Amino acid sequence: VDVVLVGDVGVDHGLLASNLATRTGRPYRAADIDADTRWLASTYGILAIVRVEPGPRVIFDLARVHRFDEVLFFGNDAVRASELFGVARLREGTDVVLDDVKRAQGLITEHYLGKGYAFVQVEMRFDADQRVASLWIFEGPPPRGGVGGGGAPPRAGSAAERISPA
């Protein structure tokens, strides 16, 4: 098999090629290509689209997956950052990809709404040079009775409303 790497991803192609199971001169194996694409993504954050041409010639078209070294939270007055990491299924101090940040955005929104907040807005902002993803949280008014205080306010005239603290 002949192996070709295409695309500038900020990592030396010789280094990448020396670590691939698919190598020039070796027999073609689809399982090796599968393992190589997983290795490229998990080790270097590189997405590889693979084409196999007659010969066989295996061409790895490489593109960088956005990876972030750090996730920061801003505007979260009601929920501590340490709690938000758990809610977002992120681990503090580990790198993440864009899909992880998008998933975290949805999970944090669900968390606030589940606590009874009328609304919450979670915006993603990125500093690619610094490799930092920021989640800006704009909290709506807290639920009556404080955070975790029972969700929606009681109906007008109900017994719950009459005994609720003012």
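Scroll up to find the structure.
Residues numbered from 1 in each chain as written. Predicted model: local features only at pLDDT ≥ 70, side-chain atom pairs only at ≥ 80, totals over all residues. Heavy atoms only, no water.

Undergrad: Any chance you could break down the overall build of the chain for me, citing the residues and the numbers?
TA: Broken down by element type, the chain carries five helices and eight strands. For the chain, the succession of helices and strands along the chain, N to C, is β-α-α-β-β-β-β-α-β-α-β-β-α. Put simply, the chain has 166 residues, and 30% of those count as buried. In the chain, of all internal contacts separated by at least 6 residues, the share reaching a separation of at least 24 is 48%. Taken as a whole, the chain presents about 9900 Å² of accessible surface, with 52% of it coming from carbon and sulfur. (Helix = DSSP H or I, 4+ residues; strand = E, 2+ residues; numbered from the N terminus. Buried < 20%, exposed > 50% of the residue type's maximum accessible area, 1.4 Å probe, protein only. Contact = heavy atoms within 4.5 Å. Areas by Shrake-Rupley, 256 points an atom, 1.4 Å probe, with all protein chains shown as cover.)

Undergrad: A description of the sheet that holds strand S5 (residues 70-74) should follow, citing residues and the corresponding values.
TA: The strand order S5-S8-S7 describes an open sheet built from three strands, whose pairing is mixed. Edge positions in the sheet fall to S5 and strand S7 (120-127), since each of these pairs with one other strand and no more. Strand-to-strand twist of the sheet, defined as the mean angle between neighbouring strand axes without regard to direction, takes the value 20°. Relative to strand S8 (residues 132-139), S5 is paired through five bridges, and the arrangement is parallel. Bridging from a neighbouring strand, Phe-73 pairs with Leu-135 of S8. Lying on the sheet, helix H4 (residues 98-114) is in contact with S5, S7 and S8; it crosses S7 at an angle near 160°. (Pairing = 2+ DSSP bridges. Axes fitted to C-alpha atoms, helices over the stretch in contact; angles between N-to-C directions.)

Undergrad: How would you sum up the packing of aromatic side chains? Please name residues and give values.
TA: The full count for this structure, using the stated rule, is five aromatic pairs. On the numbers, 5.6 Å between centres and 75° between planes, the contact of Trp-39 with Tyr-44 is edge-to-face. On the basis of relative accessibility, which here comes to 23%, the residue Trp-39 falls in the partly exposed class. Taken together, a centroid distance of 5.0 Å and an interplanar angle of 20° make the contact between Phe-68 and Phe-126 stacked. Linking Phe-68 in strand S4 (residues 67-68) with Phe-126 in strand S7, this pair joins segments that are 58 residues apart in sequence. Assessed through its relative accessible area of 4%, Phe-68 is described here as buried. The exposure class assigned to Phe-126 is partly exposed, which follows from its relative accessible area of 39%. (Phe/Tyr/Trp six-rings, centres within 6.5 Å; stacked < 30°, edge-to-face > 60°.)

Undergrad: Just give me the short version of the pairing of strand S1 (residues 2-6), but keep the residues and values in it.
TA: In S1, alternate side chains face the same way, and those of Val-3 and Leu-5 are buried while those of Asp-2, Val-4 and Val-6 on the opposite face are not. With five bridges joining them, S1 and strand S3 (residues 57-64) adopt parallel strand pairing. Paired with Asp-2 across the strands is Arg-57, a residue of S3.

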